[in-house]
Structures are given as C-alpha cells and as structure tokens.
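Residue-level listing of the chains:
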Amino acid sequence: YAPLAEIDPEVKNIIDKETWRQFTGLELIASENLTSKAAMEANGSILTNKYSEGLPNARYYGGNEYIDELEVLCRKRALEAFHLDASQWGVNVQPYSGSTANFAALTALIQPQDRLMGLGLPDGGHLTHGYYTAKKKMTASSIYFQSLPYSIIPDSGLIDYEKLAAQAKIYKPKLIICGASAYPRDWDYARLKEIASKEGAWLMADIAHTSGLIAAQELNSPFEYCDVVTTTTHKTLRGPRAGLIFFRKDLEHAKDLEKRVNDAVFPACQGGPHNNTIAAIATSLKQVAQPEWKAYAKQVIANARALSETLVGHGYKLQTGGTDNHLVLWDLRPIGVTGSKVEKVCDLMGITINKNAVSGDASAQVPGGIRLGTSALTSRDMREDDIRQVGEFLHRAVQISLVLQKEAGSKLLKDFVRVATTAEEGKVGHQQVRDLRTE
Ligand code: PLP
C-alpha cells in the first residue's frame, strides 16, 4: 500500500515530467484531450483486479455482481449521451481501444476476404478502415478483408461522394466505413446511406474523432443512417483510452446484430473486459450528459474556427479552407516547408502538433501538412482570444522553420535548440518557454 513515489520513484519521476510537459506545453494533437480527474480516479481503481469475461449476468467467473451493475450503468449512459432509444440501439462498452472496436465491428458485419471501402489514409481515413500500400497489407483490416479506398476531391478537400458511388457500383463492397482521423468537415450520412443501400452494403461510422461533438448535437448524427457506429472514448469525448460499438437492434434483416457484435468483441477479438476503464467511461459519459458539455463542444468548434481564421489571415492554405469540427488541416506545401520540420520546431517550443498528409502528398513518410486540434486546450478553458495567440505562435514556428531550413548548422539554430532543450529539461520555467514562443 506504499505510494508510487516510494515503491517506484523512477516511474513516478517519468509521470511527473510528463505532467509538466502536458501542463506547461500547448497540446494541439487533434486525437488527444485531458481526461477529468474523476474519470482517472475510476480508471486507477481496484476494478482493475477483476476478471469478468462475458456479459452482465452471463460471466465465466464468479464475483461479478458489482461489475455487472457497472457495465449495465455504462451502457445506459452511453445510449443517453448519444440520445439513443434503447429499443433501437444497443452498445458494447468492452473494446480496449478504437482499433479493436473497429476490428470487432468488421468481424461482426462481414466475412474474411469480403470487400469493404473506407476513406483512404492519405485523404484522412484511419489505418483500421482497410489501409494498405502498394508494398504491404499492414493492417488487420486489409490483411483479413479486401478493401478499396475512396477519396477526397483534390481541389476542395471534400469527400468525393460521386466517385464513391461510382466505385461502389463496380466494387460491390459488403461494407462502407465513414469517419476519419483527419477530415475537418462534417459528413453527409444520408448520401452515404443512399450509396450503401444501393449496393446492399452495411454502413458503419467511426466517429472516434468527433463523438464528443456529435453527443453535444453540434455535428450531424450518424445514428439515423448507420447500422453500426464505433468510437474511441478519449478524443473529443474526453474519457479514458477505450472504444465503444453501437449497433442497431431493430433491423428486420439482421435481428442477430446484437449477438454478432457482442460475440465479435468477446471471444473473437478480446478476453476479459478492463473494468477500471469501463468505470472511467461511465464517469466520462455522465459528464458528457451534463448541460456544460454542450458549451464545451461549442467552444471546441469556435476555437478551431478562430485558429483557422488566424492562419488564413497570415495567408496560409488550409485543406477545405476551414473547419466544421475540432480539427484544422494545414497545408504547408505552398510555403516550402515539411510538416515534420514544423513538428520538430514546435516540439522545441513546447507546442505539440503532428505532421499529417494533405491531399496529393507524394509520400506519407514526409507529409506536407500539419493536423491541429482544439479539444485539449478547450478543456484548459481557452477561448477564441487565447487560441488566436496560439495561432500566432504557430505562425512564428513556421517562420523559424523556414529560417532554420535555410541556415542549417547556423548559430541561430544552435541557440534555439539550446534554449528549447534547457526548457524541456525543466531547468527554466514556464514563462521562459512562453518567451521563446514570442521572441
Ligand atoms: N478510428 C479513428 C478514426 C481514429 O482516429 C483512431 C485513432 O486515432 C482510431 C480509430 C484508433 O483508436 P485507438 O488508438 O484507440 O486504437
């Protein structure tokens, strides 16, 4: 029962350093957020000790009366958070992550080697939506299923629904997946349903990135049109790292969908549920159901708009020209600097972002863009004015990257790295890191 600092000062020290990094830096990774203390308390609880393979009231181990109560509560809150009627929708809350949720959903819906279509990775899709390269099928979704990516319109950056319809007519997929990791606009689920229905395909939405905004009814809801909806719980939803699978219970042609999804999660893809995580999901979903959540989601979007306007004001190009959600996709190619370079400079400035492919990129390894998200900074209560200031820091980071690119090995570079490294090691304070952003 001794505290972590006593039992394992090494790990405690690493956690302390990461805490310092997260709270003195500016976190702009679009897939990250700051989980509430209450949810983390649940996540770090003794529930981690319990094995509970199976479902409530149908477990393979004894001693699960409280775990059953927890899982039932979590399911109820998940349906309520997304305004779903329990007679039409069910949910499995056991997936360990978004990737396992997606693979379980594919396992439930289609057979090995069946065809699926998802948005291509370079166009903003996720690895688990059937991604492969000319050299390799590196994700389970392309190893065990056949897949054809659909794409965005190169000029506008918007989903090419016309082309998707034409491709689906020829390819005849059994499943169409919508949802993305890097798409700043909302989805036309009605159009997707029309395309899927024409080909007799399932329609699945992976709302991992936007689920917190969908729960707040600030974006279109996929639930009216999709058969299955998956999400992670740790991005805009602000919970612990895990996944959820929602499935329709009222489909005439698939009355067994509930059983298929539940069997796909366990025993097909997973073993015992992580009950500590399920508790933390339940706590986060309770927070999502509060009236303040809507204000949070509105602010996330307002902040993303303020960020995109600041960057456009400096003459930069954004994919699709702006955003509808929490995410901004910044095309750096017109100014001749790579996403990796800017990512590195931002790291040194205590600003965390990630390089990202933008439409037409020749290489996914050296992408020409950057993905930014406002969920975490909004959780720190930042408003539009704060975010505009962050936009100014980013502008400065790009200017520095351009200078460094021209003057590799120069004194300027060495000075910059020295100050930034000292700051990173915690030897100088928060204010000096801030000074570095504005100097
Ligand atoms: N789906 C989408 C759209 C994602 O963006 C991600 C992760 O970023 C995932 C699924 C996978 O989630 P996880 O990392 O929890 O496996």
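These numbers were taken from a predicted model, which means no experiment stands behind them.

Focus: the overall build of the chain
Then, in step 1: The secondary structure content of the chain amounts to 17 helices and 15 strands.
Then, in step 2: The C-alpha atoms of the chain give a radius of gyration of 22 Å, which matches the 22 Å a tight globule of 439 residues would have.
Then, in step 3: Considered along the principal axes of its C-alpha atoms, the chain spans approximately 70 × 60 × 45 Å.
Then, in step 4: Taking all 439 residues of the chain together, the buried fraction comes to 47%.
Then, in step 5: In the chain, once contacts between residues fewer than 6 apart in sequence are set aside, the share between residues at least 24 apart is 71%.

What to know about the site of the ligand
Then, in step 1: Every one of the 15 residues lining the ligand counts as a neighbour, but Ser97, Gly98, Ser99, Ser181 and Ala208 are closest to it.
Then, in step 2: Ranked by residue count, the leading element in the shell around the ligand is helix H5 (residues 98–109), at three residues.

A look at the nonpolar core
Then, in step 1: Judged by nonpolar contacts, the single largest core of 107 residues is most densely connected at Ala105, Ile176, Met204, Val228 and Ile245.
Then, in step 2: In contact with Ile245, not counting residues within four places along its chain, are Val91, Asn92, Pro95, Ala101, Ala104, Ala105, Val228, Thr230, Val261 and Val265.

Considering the sheet that holds strand S4 (residues 89–92)
Then, in step 1: Strand order in the open sheet formed by seven strands is S4-S10-S9-S8-S7-S5-S6, with mixed pairing between adjacent strands. At either margin of the open sheet sits one strand with a lone partner, and together these are S4 and strand S6 (146–150). Each adjacent strand pair in this sheet contributes to an overall mean axis angle of 20°, direction not counted.
Then, in step 2: Against the sheet, helix H8 (residues 189–198) makes contact with strand S7 (175–178) and strand S8 (202–206), and its axis sits at roughly 150° relative to S8, the strand it touches most.
Then, in step 3: Contacts from helix H10 (residues 257–269) reach S4 and strand S10 (243–248) within the one sheet, and its direction differs from that of S10 by about 160°.

Remarks on the sheet that holds strand S14 (residues 354–356)
Then, in step 1: Spatially, four strands are ordered S11-S12-S15-S14 in an open sheet, and the strand pairing comes out antiparallel. Since the sheet does not close on itself, it has two edges, and those belong to strand S11 (317–318) and S14, each with one partner.
Then, in step 2: When strand S12 (residues 327–331) meets strand S15 (residues 369–373), the two strands line up antiparallel, connected through five bridges. Counted as the bridge partner of Leu329 is Arg371 from S15.

Quick look at the UniProt feature "modified residue: N6-(pyridoxal phosphate)lysine" (unreviewed entry) in the chain
Then, in step 1: When the UniProt feature table is mapped to this numbering, "modified residue: N6-(pyridoxal phosphate)lysine" (unreviewed entry) covers Lys235.
Then, in step 2: The topology assignment puts Lys235 in the loop between strand S9 (228–232) and S10.
Then, in step 3: Residue class for Lys235 comes out buried when judged on the 28 C-beta atoms lying within 10 Å of it.

As for the pairing of S8
Then, in step 1: Within S8, five of the five residues are buried, leaving the element largely enclosed by the surrounding structure.
Then, in step 2: For S7 and S8, the ladder comprises four bridges, and the chain directions are parallel. Looking at the pairing, Ile176 lines up with Leu203 of S8.
Then, in step 3: Crossover connection from S7 via H8 to parallel S8: handedness right-handed.
Then, in step 4: Strand direction decides the pairing type here: S8 and S9, joined by three bridges, are parallel. From the neighbouring strand, Ala205 faces S9, where its bridge partner is Val229.

Some words on the packing of H5 against H10
Describing two packed helices takes the angle between their axes plus the distance from one axis to the other.
Then, in step 1: Their axes nearest at 8 Å, the elements H5 and H10 cross at an angle of 120°. Between H5 and H10, the interaxial angle falls into the category oblique. Judged by the twist between their axes, the crossing of H5 over H10 is right-handed. Contact residues: H5 offers Thr100, Phe103, Ala104, Ala105, Thr107 and Ala108, while H10 offers Arg260, Val261, Ala264, Val265, Ala268 and Cys269.
Then, in step 2: Of the residues that constitute the contact of H5 with H10, the class distribution is nine nonpolar, two polar and one charged.

Comments concerning unusual backbone geometry
With the exception of glycine, the majority of residues adopt a negative phi angle, and the majority of peptide bonds are in the trans configuration.
Then, in step 1: A cis amide bond links Phe266 to the next residue, Pro267, at an omega of 15°.
Then, in step 2: Mapped onto the elements, Pro267 comes out in helix H10.
Then, in step 3: Although it is not a glycine, Asn57 sits at a positive phi angle of roughly 65°.
Then, in step 4: On the secondary structure map, Asn57 appears in the loop between strand S2 (54–55) and strand S3 (58–59).
Then, in step 5: Of note in this structure, His83 is not a glycine but carries a positive phi near 60°.
Then, in step 6: A residue is classified by how many C-beta atoms lie within 10 Å of it, and His83, with 13 of them, is partly exposed.

Thresholds applied
Residues numbered from 1 in each chain as written. Predicted model: local features only at pLDDT ≥ 70, side-chain atom pairs only at ≥ 80, totals over all residues. Helix = DSSP H or I, 4+ residues; strand = E, 2+ residues; numbered from the N terminus. Rg over C-alpha atoms; globule rule 2.2 N^0.38 Å. Buried ≥ 20, exposed ≤ 12 C-beta atoms within 10 Å, placed from the backbone. Contact = placed C-beta atoms within 7 Å. Near = placed C-beta within 6 Å. Core = buried A, V, L, I, M, F, W, Y, C linked by C-beta atoms within 7 Å. Pairing = 2+ DSSP bridges. Axes fitted to C-alpha atoms, helices over the stretch in contact; angles between N-to-C directions. UniProt positions renumbered as here; feature names shortened; annotations may be inferred. Right-handed = clockwise from strand over helix to strand, strands pointing away. Parallel < 35°, antiparallel > 145°, perpendicular 65-115°, else oblique. Left-handed = near helix turned anticlockwise from the far one by under 90°. Nonpolar A, V, L, I, M, F, W, Y, C, P; charged D, E, K, R; others polar.

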